[in-house]
Every structure is written in structure tokens, then in C-alpha cells.
Amino acid sequence: MSHSLLDAAILLAQILLLLAMSFSIIRMVRGPRAQDRVLALDALYVNAMILLLTIGIRSGSLLYVEAGLIIALLGFAGTVALSKFLMRGQVIE
Amino acid sequence: MSHLDALPPWAAILVAVLVLLGALLAFVGSLGLLRLKNFYKRVHAPTLGTTLGTFFMLAASITCFSVLHDRPIFYEILIGVFLTLTTPITLMLLVRAALYRDREEGSADVPQAPPHE
Amino acid sequence: MTRRWLPYPILSALLLLIWLLLNQSIAPGTILLGALLGVALAKVFGLLRPPKARVRNYPLLGLLFVRVVVDIVRSNIAVARIILRRDSRMQSGFVAIPLTLTDHYGLAVLACIITSTPGTIWVSYDSSANILLIHVLDLVDEASWIDSIKQRYERPLLEIFQ
């Protein structure tokens, strides 16, 4: 019983996270300004990282956790570079 | 049929609840990104996913793998450490960039820069 | 001798801990490599000549941490409510807060606290006038926000760092 509950919970969580990712993508497409798009990209990264954790739980492989770690770090670097770009129009001062 | 059947019932229910809570918070955060009206309001929304949302999901992952492998596995905590260190930096930079751009355009919705700058 | 090779013992220990967690092993080789990395990276950090940090009150730091965790949970719920209720009357806006805290590490910690808490975000800090600008999602009463930030976070930070 409790195991079919767990399966259902993970499936529902993954659907919710996919919806969350699509909301971020809609915001990224709609804008209206560049900072909105960068914010949406950052949220997309975090949602993708959380989704990878649920896939990891479902498949029982710790490799997904490592992928999540890398996504979190790359997302940080990307967003910082993009914010810098918005501020001065160039990445390196 | 799957490896998750090896979990005892209490762990299965705990993991299910944690997974759902984490996903729900991330979902509400992204919904806010869509619903709120302007950039400075929207910037608050994704913090839900990066704080408690990630926390619940990490707790679920740690519980699941520790029980499955019968030893404490908690290196997922590193994701939490990196995320709590980096999120404030990205958000602050982004808000400052937005403020800079709005001030450049002379927008009336943001406070003006102090005169001596 | 210790000063020369281990200028930042806490930083080195943390780096070693992260290395061990990443490798998920406590084999002697991993510990040795991690210790070498910890010492070397702490020396590189020293080349940046960071200003000296002095924590005066460790118990208070723990208390502040617990308080911040509780606040993060509470404001998660508050912000989730705001988003789900779709309240169009909700006012948000900028709040200028005059600070007495000037220590760099204290300000950095305050920035992280304010930004990590959903519903408030650090916008800018004017170091000559010592005025902090934050943005609040659900702004009902400006004076109560100024008061709560100063009482809840700035006061303990002043005692810890200054």
C-alpha cells in the first residue's frame, strides 16, 4: 500500500515540477524585459535540479544527485554572468 | 518490482510526503513567477523553490538512500550548502542590474540614486 | 609555524569536509589529498588579503541561525499564500533602513539573511550614508519592517561582529 502511495507521490511531484518548469519557460518567452528572462532561467535551473533529485529517488541511482550538483553550480555561474551583462553591457569589467 | 519496495512502510510514507511538499513549493514559486505583476514582485517567488522546496527534496533523497543502503548517505547536503551560498548572490546581482537599468531609463517606479554617487 | 602553514584553520577544515563528502570515502588517500587541498586553497585565499573577521559571541550566532531558519519557514508559507490568493490589493515597495552596523562581515551576513528569506530582498547599500535599501513583497507598514529588521537581525549581528 505505502509503496503504491510512494510511486503515485513521485509521479505527481514530477508532474508538478514539469508544470513549474513550463511556467518558467513561459515567463522566459514572455519577458517583458531582459531581467525577467534571466530570473526565469535561474528558476528553470533550480526546478530542473529538483526534478533530477526525484528521478534519482525513483531510479535509485546516486548519479542523479551529482548531476544536480553540477546543474546548481552551472546555473549560478550562468546567472551571475548574465546579471553582470545586464548591468554594464559587458561580462568582464 | 522496483528497488523502492525495499523501503519499510514508514520510510516510504515519509519520502512520499517530503517529495510532494518539495515539488509543491517549487510549483508555487514558479506559479508566482507567472502570476505576479512586475519584476520586483516576481523576484521574490523563486526563493520558495530554492529554500524550503530544495530542503524537502534533499531530505527525501537523504532518507531514501540512507534507508536503502543501510548507512547514512548525506552528501546531497552539499547541494543545499551550495544553493544557500549562491542564491543570495545571484538574486542580489540581478536586482541591482534591474535597478541600474530602470534608473538609466528614468523610471518613476524605483527610488532614485543617492545624489553623491 | 602554524600561522604560516595554516592561516585559516576553519576554512581548511571545511574544505577537507567538503572533499570527503564529495568523494564519499574516508580512505587515508582521500583524507591526505583533501588536507593538502584544504591547506593550499586556504593559502590562496590568504593572498586575497581578506579583512580580519572576529566573531565575539558564538552562542548568539547559533541563536541567530535558529531564528533565521524559523523566519524562512514562516515567510515561505506567507509568500505561498500571497501567490495562491492572487490578491490584487497587495502592495509591495522599497524600504530604506538606516543602519548602525558597519562591519563588512556583519553586512554580508545581513545581506544573505534578508535575501534568503522569501518576501524580502536586499537591493542596495549606501556605505557613506549607511542606508540599506530593501524590497518587500507584502508591504503593509514601513515602520514595522524597519523595526523588525533592526531588532531581529541587526542587533544580534552588532553584538556578534562589532
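Note that the structure is predicted; figures quoted are calculated from it, not measured.

Caption draft 1: Summary view of the overall build of chain A. If you tally the helices and strands in chain A, you get three helices and zero strands. Counting from the amino terminus, chain A carries its helices and strands in the arrangement α-α-α. A compact globule built from 93 residues would reach a C-alpha radius of gyration of about 12 Å, whereas chain A, at 16 Å, exceeds it by more than 25%. Over its C-alpha atoms, taken along the principal directions, chain A stretches across nearly 55 × 25 × 10 Å. Looking at chain A residue by residue over its 93 residues, the buried ones come to 48%. Partitioning the intrachain contacts of chain A with sequence separation of at least 6 by distance along the chain shows that 49% fall at a separation of at least 24. Split by element, the accessible area of chain A, about 4300 Å² in all, is 74% carbon and sulfur. For chain A, the separation between the mean place of its 7 positive charges and that of its 5 negative charges on side chains is 12 Å.

Caption draft 2: Spatial organisation of the overall build of chain C. Across its full length, chain C carries six helices and three strands. For chain C, with 162 residues in total, the buried portion stands at 35%. Of all intrachain contacts in chain C linking residues separated by at least 6 positions in sequence, the fraction that spans at least 24 positions is 70%. Only carbon and sulfur atoms are counted for the fraction: they give 66% of the accessible area of chain C, which is about 9700 Å². The distance from the centre of the 16 positive side-chain charges to the centre of the 10 negative ones in chain C is 13 Å.

Caption draft 3: Up close: the domain arrangement of chain C. Here chain C is partitioned into domain 1 (2–47) and domain 2 (58–161). Spacing between the C-alpha centres of domain 1 of chain C and domain 2 of chain C amounts to 34 Å.

Caption draft 4: Spatial organisation of the nonpolar core. Core analysis: the largest hydrophobic core is formed by 59 residues, its most contacted members being Leu6 and Ile57 of chain A together with Val19 of chain B. Looking at this core, the elements with two or more residues in it are helix H1 (2–30), helix H2 (34–59) and helix H3 (63–88) of chain A, helix H1 (9–35), helix H3 (47–69) and helix H4 (77–104) of chain B together with helix H4 (58–85) of chain C. Residue contributions to this core peak at 13 residues, all from H1 of chain B. Once you skip the residues sitting within four places of it in the chain, leucine 6 of chain A turns out to touch Leu4, Leu7, Ala12, Val15 and Ala16 of chain B. Core analysis: the next-biggest nonpolar cluster, separate from the first, contains 24 residues, Ile72, Val95, Ile114 and Leu132 of chain C among them.

Caption draft 5: Focus on H4 of chain B. Across its 28 residues, H4 of chain B extends 41 Å between first and last C-alpha, which sits within 8% of the 40 Å expected from 1.5 Å per residue. At the exit of H4 of chain B stands glycine 106 of chain B, carrying a positive phi of roughly 70 degrees.

Caption draft 6: Up close: the pairing of strand S2 (residues 120–126) of chain C. Residue and element names in this part refer to chain C. Taking burial as the measure, the seven residues of S2 include five buried ones, the bulk of the element. As judged from the six bridges shared by S2 and strand S3 (residues 131–136), these two strands associate in the antiparallel manner. Considered in S3, the bridge of serine 124 is made with leucine 133. Counting the residues that bridge the hairpin from S2 to S3 gives four residues, and of these asparagine 130 lies at a positive phi of roughly 60 degrees.

Caption draft 7: The arrangement of the pairing of S3 of chain C in detail. All names here are of chain C. Most of S3 is tucked away, with five of its six residues classed as buried. Relative to S3, strand S1 (residues 93–98) runs antiparallel, the two being bridged by six bridges. Bridge pairing links isoleucine 97 to leucine 132 in S3.

Caption draft 8: Local environment of the packing of H1 of chain A against H2 of chain A. Residues and elements named next belong to chain A. Closest axis-to-axis distance for the H1/H2 pair is 8 Å, and the angle between their directions is 165 degrees. With respect to each other, H1 and H2 are oriented roughly antiparallel. Viewed along their axes, H1 and H2 form a crossing whose handedness is left-handed. Of the residues assigned to the contact of H1 with H2, the class counts are 18 nonpolar, four polar and six charged.

About the thresholds
Residues numbered from 1 in each chain as written. Chains lettered and ligands numbered in written order. Predicted model: local features only at pLDDT ≥ 70, side-chain atom pairs only at ≥ 80, totals over all residues. Heavy atoms only, no water. Helix = DSSP H or I, 4+ residues; strand = E, 2+ residues; numbered from the N terminus. Rg over C-alpha atoms; globule rule 2.2 N^0.38 Å. Buried < 20%, exposed > 50% of the residue type's maximum accessible area, 1.4 Å probe, protein only. Contact = heavy atoms within 4.5 Å. Areas by Shrake-Rupley, 256 points an atom, 1.4 Å probe, with all protein chains shown as cover. Lys, Arg positive; Asp, Glu negative; His and termini not counted. Charge placed at Lys NZ, Arg CZ, Asp CG, Glu CD. Domains from an automatic or database assignment. Core = buried A, V, L, I, M, F, W, Y, C linked by side-chain atoms within 4.5 Å. Expected span 1.5 Å × (residues − 1). Pairing = 2+ DSSP bridges. Axes fitted to C-alpha atoms, helices over the stretch in contact; angles between N-to-C directions. Parallel < 35°, antiparallel > 145°, perpendicular 65-115°, else oblique. Left-handed = near helix turned anticlockwise from the far one by under 90°. Nonpolar A, V, L, I, M, F, W, Y, C, P; charged D, E, K, R; others polar.

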